[in-house]
Amino acid sequence: MLKLIGRLVVLACAGLAGAAHASVIFYTDRTSFETALSSYTLIDFEGIVADIGTTVNPSTLVEVIGGVTFSVSSGAIAVSGKNGQFMQDAPFNSAILFSNNSTPITADLTSAGPGFTAVGAFFGNIHDAGDTAVLTLLGSNGILDIRTIVAADMGAGTPSNYFGWTVFGDIITGVKYDLIGGFVNTGDFDGIDDFVFGIASATPAPAPATIALFGLGLAGLGWSRRKAA
C-alpha cells in the first residue's frame, strides 16, 4: 500500500510541476499570495467605466488593460462599474472584468512584459454561487497547473474566491478562467477582479500540504526499497 501511495505522490507532484518540471505553489488567500511576492502590479478595473456604467460591445473580444491582454473566444469582454447593471443586487464595491456570455476569459501576460513568475486574482461568478469553474495556469512550455474551484457570487458581495500561483523554474505566460455551465443555461458571468501579476520571492516557501506530500512520497519509496531488499 505504501509503495502505491509513494508512486501516486510522485505522479501527483509531477503533474503539479507542469511543463519543464517547474515548481508551482498554489494559494487560496490573498495575504499569503502577496506576501510571497517581491514585486507586483495590481489591476483593479476601476476608472475604466463610471461606477454606474457597464461596457458591453458584442464585437469586443479583446481588452488590453494595465498591459495585460484579456480575451474571450465569443461574445464580449467587458467591465461593470461597482453599481453597474451587473452588480445591482448587492455590489461587490468594485469594478469587475467579465465575459458577457460566460465564455472563458484568458489573461495573456506576455503583452505586459517578460519574466513574470506570479499571478493571482478574485475569480467568481457575478450572478450566482456554487458553480464549478476551472483555472488553468499557462507557462512558456505549456500548462503549469489546473485547478477546479467552486465559484463565489461576486454580485452578492461575497468575493471569497481569491487564488494565486508562484512559479519557480519557468515563467507564467497567462491564466485561463472557465466557468462551467455558461450563460445559455444559467445566466452566469465569469468575473475577475484585483488581478495581480509580478515576480515571486527568490526563495520558494512550500505550503504545508506540499511538504507533507513530499515526506509521504519519500516514506513510500523507502518502504518499497526495504521490501525489495
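Residues numbered from 1 in each chain as written. Predicted model: local features only at pLDDT ≥ 70, side-chain atom pairs only at ≥ 80, totals over all residues. Heavy atoms only, no water.

Considering the nonpolar core
- Counting residues in each nonpolar core, the largest one holds 37 residues, and the members touching the most others are Phe45, Phe70, Tyr177 and Phe195.
- The biggest single contributor to this core is strand S14 (residues 172-179), with 4 residues.
- Excluding its chain neighbours within four sequence positions, the residues that come into contact with phenylalanine 45 are Ile65, Phe70, Val79, Ala95, Leu97, Ile192, Asp193, Asp194 and Phe195. (Core = buried A, V, L, I, M, F, W, Y, C linked by side-chain atoms within 4.5 Å. Buried < 20%, exposed > 50% of the residue type's maximum accessible area, 1.4 Å probe, protein only. Helix = DSSP H or I, 4+ residues; strand = E, 2+ residues; numbered from the N terminus. Contact = heavy atoms within 4.5 Å.)

Considerations on the pattern of salt bridges
- Enumeration according to the criterion identifies 3 salt bridges in this entry.
- Between arginine 30 and glutamate 34 there is a salt bridge, and its shortest N-O distance comes to 3.0 Å. Note that arginine 30 and glutamate 34 are positioned in helix H2 (residues 30-35) at a spacing of 4 residues, about one turn of the helix.
- Residue arginine 30 is classed as partly exposed on the basis of its relative accessible area of 25%.
- Here arginine 30 ties to aspartate 194 by a salt bridge, and the two come within 2.8 Å at their closest N and O atoms. In this pair, arginine 30 sits in helix H2 while aspartate 194 sits in strand S15 (residues 190-200), placing the two residues 164 residues apart along the sequence.
- Among the residues examined, aspartate 194 registers a relative accessible area of 12% and is labelled buried.
- Among the ionic contacts, a cluster of salt bridges with common partners joins Arg30, Glu34 and Asp194. (Salt bridge = Lys/Arg side-chain N within 4 Å of Asp/Glu carboxyl O.)

Comments concerning the pairing of S14
- In terms of residue burial, S14 counts as a mostly covered element, since 6 of its 8 residues are buried.
- Taken together, the 4 bridges between strand S8 (residues 105-108) and S14 define a ladder with antiparallel strand orientation. Note on S14: the bridge partner recorded for threonine 106 is lysine 176. (Pairing = 2+ DSSP bridges.)

Some details on a nonpolar patch on the surface
- Taken together, Leu61, Val62 and Val64 make up a surface patch of nonpolar side chains, about 240 Å² in accessible area.
- By the secondary structure assignment, valine 64 is in strand S4 (residues 62-65). (Patch = residues over 30% accessible without salt bridge, like charges linked within 9 Å, V, L, I, M, F, W, Y side chains within 5 Å. Areas by Shrake-Rupley, 256 points an atom, 1.4 Å probe, with all protein chains shown as cover.)

Structural notes on the environment of tryptophan 165
- Along the polypeptide, tryptophan 165 turns up in strand S13 (residues 162-168).
- Each C-alpha atom, one on tryptophan 165 and one on alanine 200, is 9.0 Å from the other, the two residues being 35 residues apart in sequence.
- Of the polar contacts made by the side chain of tryptophan 165, one reaches the side chain of aspartate 145; its length is 2.8 Å. (Polar contact = N/O pair within 3.5 Å; in protein donor to acceptor, adjacent residues only side chain to side chain.)

Regarding the confidence of the model for the protein
- For the protein, per-residue confidence averages 78 on the pLDDT scale, and residues scoring 70 or more make up 72% of the total.
- Between residues 1-18, whose pLDDT stays under 50, and residues either more than four places distant or in other chains, the model counts 24 contacts.
- Counting interchain partners and residues more than four positions distant, the pLDDT-below-50 stretch residues 208-229 has 14 contacts. (pLDDT = per-residue confidence, 0-100.)

Brief notes about unusual backbone geometry
- With a phi close to 65°, phenylalanine 45 is a non-glycine residue in the positive phi region.
- Relative to the helices and strands, phenylalanine 45 resides in the loop between strand S2 (37-43) and strand S3 (54-55).
- On the basis of relative accessible area, phenylalanine 45 is assigned to the buried category, the value being 1%.
- The backbone of aspartate 194 sits at a positive phi, close to 50°, despite the residue not being glycine.

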